[in-house]
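The lines below spell out each chain.
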Amino acid sequence: MSNLHGKKILIGVTGGIAIYKVLDLISRLKKEGAELRIIMTKAATALVNPQTFQTMARCPVHTEMFKDEPTYDVEHIELAEDCDLALVAPATANTIAKLACGIADNLLTTTLLACKKPVYFAPAMNTNMLHHPATQRNIAMLREMGYGFIDSNSGFLACNIIGDGRMAEPQEIVEFMKTACTEKDLCGLRIMVTAGPTIERIDPVRYITNDSSGKMGYAIAKAALDRGAEVLLVSGPTSLEVPSGVQFTSVTTNEELYQAIDRDFEGIDVLIMAAAPADFRSEVVEDQKIKKKDALQLQLVKNRDIIGDFGQKKTHQTLIGFAAETEELVENAREKLRSKRLDYIVANDVSEPDSGFNVDTNRAVILSEKMKIALPLMLKREMADRILDLLKR
Ligand code: PMT
């Protein structure tokens, strides 16, 4: 279940042309199960009719500070208190400036000033407005006060130029909100995650490797980061984006992977070995491209069993290995758990098309000496959280 499920999110909509993206954002937040409340400024209602937001979000849209019909509730206080977090999107330079100065001259700014819950801004404006020293100062002041910002991107703007100030995409904002809502239950842990394949050269143009995409390891790194851990990600070659906030080391060969782990092993609490290191390398690495011939014999030598070596060296560290199996899943994984001196092993059946290498989903059995947990088919991100649950204290 999404960690936005049941969260009460107050959305403040101001008068920026990026308002059209907020309809998509609302639809995504609804799909995640969030409960929405909306306040629109007068400028926002000049761009899109509140009825549109009301219908999309299936909630009343608040626009006026003083309503015609009398009510005994103090509306801005009720809205400020009855939410888990607030998001201003698009956030114009004007609304950002007002809040930085404590101005409360409409329902949105009054509510935000009264709100003690986390408040995030997704700025959207013309490049010059964003770079203006006053706007930069206002953003810095709000950050200093503890407000969060979902930084704008660079791209094509409504004013027909390419530059900074384009509101973050709805998907990015949803991901940001999910992270913001994640319980920081791994705070204080230093976790190293390895991911992806390693490569062993045969000659300048040929190498030995495997199908690992890095998706499993990167999902664990991101989940650990979201849950407040300090994360060191050591990765073989992949095409994935490095999650911002991790301490990243890029490696190519099995030996480089070993050295990168060894450098920090003493100072980490947990090593999660989701990488698929090459088990063999060519005894000879040719300097020149090997000429085509009818047959070629390669002498392969065994690479170091990295996690096995750290299993021997461990003092206080928790070691979580993976087992990539195509048969006898549990039996083979149990043997690896013991021989490598691991605390846990995640056994995944890599012969299935929807689990293991290079897919977004996985299916596994987690084993320790004392327990066995079967994890059905799920997204690698969900599996990452289930693995990290083992570390909750
Ligand atoms: O990267 P993805 O496309 O998302 O795919 C994910 C995955 C299938 C690669 C991942 O879920 C996985 O199973 N990783 C381990 C792959 C592997 O090398 O399994 P193994 O059973 O051969 O090795 C057992 C353990 O020893 C693993 O933790 C492995 O990292 C480690 N190992 C293996 C070989 C070696 N020379 N040194 C090691 O430390």
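Everything below is about the structure shown above.
Not measured: the values here are computed from a predicted model.

Asker: So what's going on with the sheet that holds strand β2 (residues 35-40)? Residues and values would help.
Answerer: Read from one edge of the open sheet, six strands run β3-β2-β1-β4-β5-β6, paired in parallel fashion. Taken across any chain shown, the strands that pair with only one partner, and hence form the sheet edges, are β3 (61-62) and β6 (148-149). In the sheet, β2 pairs with β3 via two bridges, with the strands oriented parallel. If you follow I38 over to β3, its bridge partner there is V61.

Asker: Can you lay out the pairing of strand β17 (residues 318-325) for me, pointing to particular residues and giving the numbers?
Answerer: Within β17, six of the eight residues are buried, which leaves the element mostly enclosed by the surrounding structure. Summarising the sheet, strand β14 (residues 270-273) and β17 pair through four bridges and their orientation is parallel. Among the inter-strand pairings, I272 is bridged to a residue of β17, identified as I320. In this structure, β17 lies alongside strand β18 (residues 344-349), joined through six bridges in parallel fashion. Each bridged residue has a counterpart across the sheet, and for E325 the counterpart in β18 is D349. The parallel pair β17 and β18, bridged by helix α13 (residues 329-339), forms a crossover whose chirality is right-handed.

Asker: How would you sum up the environment of E325? Please name residues and give values.
Answerer: Along the chain, E325 turns up in strand β17. In the structure, E325 is positioned 30 residues away from S355 in sequence and 11 Å away in space, judged by C-alpha atoms. Those residues within four positions of E325 in sequence are excluded, and the remaining contacts are N332, A333, K336, N348, D349, V350 and S351. A distance of 3.3 Å separates polar atoms of two side chains, one belonging to E325 and the other to N332.

Asker: With reference to specific residues and values, describe the sheet that holds strand β9 (residues 190-195).
Answerer: The strand order across the open sheet formed by eight strands is β13-β12-β9-β14-β17-β18-β19-β20, and the pairing between neighbours is mixed. What marks the edges here is a single partner per strand, and that holds for β13 (247-250) and β20 (372-379). Going from strand to strand, the sheet's axes swing by 15 degrees on average, the running direction of each strand aside. With respect to the sheet, α13 is in contact with β17, β18, β19 (361-367) and β20, its orientation differing from that of β18 by roughly 150 degrees. Across the sheet, helix α14 (residues 380-388) is in contact with β9, β14, β17, β18, β19 and β20; its angle to β20 comes to roughly 155 degrees.

Asker: Which residues make up the site of the ligand, and what are the values?
Answerer: In the vicinity of the ligand lie 28 residues, with S212, S213, K336, N348 and N358 positioned nearest. The contact in question runs from an oxygen atom of the ligand to an N or O atom on the backbone of F322, over 2.9 Å. In the complex, the protein chains occlude 95% of the 760 Å² of accessible area that the ligand would expose alone. At four residues, the largest contribution of residues to the shell around the ligand is made by β17. The residue makeup of the shell around the ligand, split by class, is 12 nonpolar, nine polar and seven charged.

Asker: Please provide a residue-by-residue account of the packing of helix α5 (residues 93-101) against helix α8 (residues 133-145), values included.
Answerer: Two elements in contact, α5 and α8, have axes separated by 9 Å at closest approach and are oriented at 50 degrees. Classified by the angle their axes make, α5 and α8 are oblique. Judged by the sense of rotation from one axis to the other, the crossing of α5 with α8 is left-handed. Seen from α5, the contacting residues are A93, I96, A97, L99 and A100; seen from α8, they are T135, N138, I139, M141, L142 and M145. Split by residue class, the contact of α5 with α8 holds nine nonpolar, two polar and no charged.

Asker: Give a description of a nonpolar patch on the surface that names residues and reports values.
Answerer: Residues F280, L296, L298 and L300 make up a contiguous nonpolar surface patch of about 340 Å² in total accessible area. Inspection of the secondary structure assignment puts L296 in the loop between β15 (280-282) and β16 (300-302). By relative accessible area, L296 is classed as partly exposed at 48%.

Asker: Could you give an account of the side chain of N303, naming the residues involved and the relevant values?
Answerer: Positionally, N303 belongs in the loop between β16 and α12 (306-313). One polar contact links the side chain of N303 to the main-chain carbonyl oxygen of A278, over a distance of 2.8 Å. Separated by 2.7 Å, the side chains of N303 and R281 make a polar contact. Setting aside its immediate chain neighbours within four residues, N303 contacts E200, N254, A278, D279, F280 and R281.

Rules used in this analysis
- Residues numbered from 1 in each chain as written.
- Predicted model: local features only at pLDDT ≥ 70, side-chain atom pairs only at ≥ 80, totals over all residues.
- Heavy atoms only, no water.
- Pairing = 2+ DSSP bridges.
- Helix = DSSP H or I, 4+ residues; strand = E, 2+ residues; numbered from the N terminus.
- Buried < 20%, exposed > 50% of the residue type's maximum accessible area, 1.4 Å probe, protein only.
- Right-handed = clockwise from strand over helix to strand, strands pointing away.
- Contact = heavy atoms within 4.5 Å.
- Polar contact = N/O pair within 3.5 Å; in protein donor to acceptor, adjacent residues only side chain to side chain.
- Axes fitted to C-alpha atoms, helices over the stretch in contact; angles between N-to-C directions.
- Near = heavy atom within 4 Å.
- Areas by Shrake-Rupley, 256 points an atom, 1.4 Å probe, with all protein chains shown as cover.
- Nonpolar A, V, L, I, M, F, W, Y, C, P; charged D, E, K, R; others polar.
- Parallel < 35°, antiparallel > 145°, perpendicular 65-115°, else oblique.
- Left-handed = near helix turned anticlockwise from the far one by under 90°.
- Patch = residues over 30% accessible without salt bridge, like charges linked within 9 Å, V, L, I, M, F, W, Y side chains within 5 Å.
- Salt bridge = Lys/Arg side-chain N within 4 Å of Asp/Glu carboxyl O.

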